Amino acid sequence: MLGIARRKQEKDRGDEGVYMEENRRKKVTIKDIAREAGISTAAVSLILNNKPCRILEEKKQLVREVAKRENYVVNQAAKSLATRKSHMLALILPDIENTFFSSLAKQIENRCRREGYSLIIASSDERRENDEKLLRVLESRGVDGVFLILSIEALEQRQKLLEELSLLSMPYVMIDRTLPDAGCAGVSFDHEQGGYLAAKYLITQGHTKIGCVYRDDKAGSGKSRLVGYMRALSEHGILVREEYLKKGDYRMESGYHAAGGLLATDCTAAFICNDMMTLGFLRRLYEEGCQVPRDYSIVSYDDSLKNYLLGLELTTVVQDIEMLAGEACRLLFGRLADGEDAPKSIVLAPKLTVRGSVRLCGI
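Residues numbered from 1 in each chain as written. Predicted model: local features only at pLDDT ≥ 70, side-chain atom pairs only at ≥ 80, totals over all residues. Heavy atoms only, no water.

### Quick word on helix 7 (residues 128–140)
Right, on to step 1. Relative to the 18 Å expected for 13 residues at 1.5 Å per residue, helix 7 spans 19 Å between its end C-alpha atoms, a close match to the ideal helical length.
Right, on to step 2. Taken together, the buried positions of helix 7 are Arg 128, Asp 131, Glu 132, Leu 134, Leu 135 and Leu 138. Looking straight down helix 7, one finds its buried side chains confined to an arc of 165°; they lie on one side.
Right, on to step 3. As for helix 7, its buried residues are in contact with strand 1 (88–93), strand 2 (118–123), strand 3 (145–148), helix 8 (152–156) and helix 9 (158–166).
Right, on to step 4. Taken from the residues just after helix 7, Gly 142 is the one with a positive phi, measuring 80°. (Helix = DSSP H or I, 4+ residues; strand = E, 2+ residues; numbered from the N terminus. Expected span 1.5 Å × (residues − 1). Buried < 20%, exposed > 50% of the residue type's maximum accessible area, 1.4 Å probe, protein only. Arc of directions from axis to C-beta. Contact = heavy atoms within 4.5 Å.)

Written out as structure tokens, the structure reads:
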């Protein structure tokens with residue numbers, strides 16, 4: 001019996017003393033287990049790591065029983081020094097409050113856990129300087145690799161970003177906001193096609209006065225979705241009117257203000273380029289006494305609100321978060337496993353899911 005697992009018996013000790021004594025117990029080491037099992041520390045290490053070894057099955061079982069009984073925990077820091085791997089990955093995202101990004105983080109974390117990795121999640125708050133600081137801190141912490149969803153500011157300062165990325169010693173995979181033409185590994189959806197699908201559907205339902213609430217991010221997903229919207233209108237001979245275009249920042253407040261601007265026009269419908277802005281847009285509509293789809297038709301983007309809206313089912317451009325997370329993990333795990341440096345860029349196809357937020361114009 002290991003002495004470290006015993007409680008010392010002391011006279012006149014109260015419940016608080018028992019608690020404090022329990023928490024002062026010495027941490028069990030691999031040497032302690034080896035001593036009780038009567039084998040070497042190297043043999044214990046092989047057994048606990050499920051490595052092949054010529055040890056009797058009875059001894060293996062004894063080692064596992066002792067480790068379990070004494071709540072043995074692997075010294076991850078020591079293991080990292082030996083293997084030069086921390087078994088930690090990181091995810092840098094722009095806004096943890098955004099339902100799309102938080103749902104994506106959950107999917108990535110689940111996959112990392114299944115592969116034996118812990119995941120550190122950090123938010124840049126859409127600031128380039130935070131992206132850079134986080135990358136440096138995470139690299140100094142010895143994470144094995146990074147999932148990177150860039151801030152809009154970083155995308156807009158492309159050359160500076162590429163210089164920072166070139167200095168990284170760890171593999172990374174960009175998600176959602178990528179730079180495929182720069183030779184960076186990444187996975188994203190075809191944002192232009194998504195914008196096209198949204199606007200085209202509104203047109204097929206008889207709408208010609210269609211507003212668009214977008215993110216003016218120069219080279220990011222917002223601009224691409226706007227381009228898709230404009231392409232659909234152009235194909236159907238519909239003039240793109242400046243007063244129908246409202247800038248946002250992918251957050252609720254900007255959607256709220258954009259709704260006020262579009263309500264001052266004769267628009268009958270709006271394509272809103274992300275779900276968070278849609279939430280703000282809906283709030284303004286309801287404050288003005290407008291109902292969807294009776295008074296206003298909406299197509300949203302992301303499909304991260306389907307479990308939260310009551311009484312309204314949004315027609316939306318779906319970005320399959322499970323697929324996006326799966327492809328991103330496959331890319332990074334592959335780079336970690338074989339050291340493959342050749343970057344791969346994967347572009348996934350969005351799809352339109354028709355629900356109940358668009359009415360036939362004129363009916």
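### Things to note about the packing of aromatic side chains
Right, on to step 1. Applying the stated rule across the entire model yields four aromatic pairs.
Right, on to step 2. Taking the centre distance of 5.5 Å and the plane angle of 65° together, the rings of Phe 100 and Phe 101 count as edge-to-face. For the pair formed by Phe 100 and Phe 101, the shared burial category is buried.
Right, on to step 3. Taken together, a centroid distance of 6.1 Å and an interplanar angle of 45° make the contact between Phe 271 and Tyr 301 tilted. (Phe/Tyr/Trp six-rings, centres within 6.5 Å; stacked < 30°, edge-to-face > 60°.)

### Examining the packing of helix 3 (residues 41–48) against helix 4 (residues 57–69)
Packed helix pairs are specified by the crossing angle of their axes together with the interaxial distance, meaning the distance between the axes.
Right, on to step 1. Contact pair helix 3 / helix 4: the axes reach a minimum separation of 10 Å and the direction vectors enclose 80°. In terms of orientation, helix 3 lies roughly perpendicular with respect to helix 4. Here helix 3 contributes Val 44, Ile 47 and Leu 48 to the contact with helix 4, which in turn contributes Lys 60, Val 63, Arg 64 and Ala 67.
Right, on to step 2. For the contact of helix 3 with helix 4, a count of residues per class yields five nonpolar, no polar and two charged. (Axes fitted to C-alpha atoms, helices over the stretch in contact; angles between N-to-C directions. Parallel < 35°, antiparallel > 145°, perpendicular 65-115°, else oblique. Nonpolar A, V, L, I, M, F, W, Y, C, P; charged D, E, K, R; others polar.)

### Observations concerning the pattern of salt bridges
Right, on to step 1. Scanning the entire structure with this criterion turns up 26 salt bridges.
Right, on to step 2. Among the salt bridges present, the one from Arg 69 reaches Glu 36, with a minimum N-O distance of 2.8 Å. Placement of the pair is Arg 69 in helix 4 and Glu 36 in helix 2 (residues 30–37), with a sequence separation of 33 residues.
Right, on to step 3. A relative accessible area of 27% means that Glu 36 is categorised as partly exposed.
Right, on to step 4. Across the salt bridge formed by Lys 133 and Glu 129, the nearest N and O atoms sit 3.8 Å from each other. Placement of the pair is Lys 133 and Glu 129 together in helix 7, with a separation of four residues, close to one helical turn.
Right, on to step 5. Look at Glu 129 and you get partly exposed, because its relative accessible area is 35%.
Right, on to step 6. A single salt-bridge network, built from bridges that share partners, covers Arg 127, Glu 129, Lys 133 and Glu 153. (Salt bridge = Lys/Arg side-chain N within 4 Å of Asp/Glu carboxyl O.)

### Thoughts on unusual backbone geometry
Right, on to step 1. Val 292 connects to Pro 293 through a cis peptide bond whose omega is 5°.
Right, on to step 2. Residue placement: Pro 293 occurs in the loop between helix 13 (275–287) and strand 9 (297–302).
Right, on to step 3. Look at Glu 126: it is not a glycine, yet its phi comes out positive at around 60°.
Right, on to step 4. Assignment of secondary structure puts Glu 126 in the loop between strand 2 and helix 7.
Right, on to step 5. Residue Glu 126 is classed as buried on the basis of its relative accessible area of 10%.
Right, on to step 6. Within the chain, Asp 302 stands out as a residue other than glycine whose phi angle is a positive 120°.
Right, on to step 7. Here Asp 302 is to be found in strand 9.

### So, the sheet that holds strand 9
Right, on to step 1. The sheet built from six strands is open, its strands ordered 7-6-8-9-10-12 with mixed pairing. In this open sheet, the two strands that pair with only one neighbour each are strand 7 (245–248) and strand 12 (351–353). For this sheet, the mean inter-axis angle between neighbouring strands, taken without regard to orientation, is 20°.
Right, on to step 2. Taken strand by strand, helix 13 contacts strand 6 (210–215), strand 7, strand 8 (269–272), strand 9 and strand 10 (315–318), and its axis lies near 155° from that of strand 9. (Pairing = 2+ DSSP bridges.)

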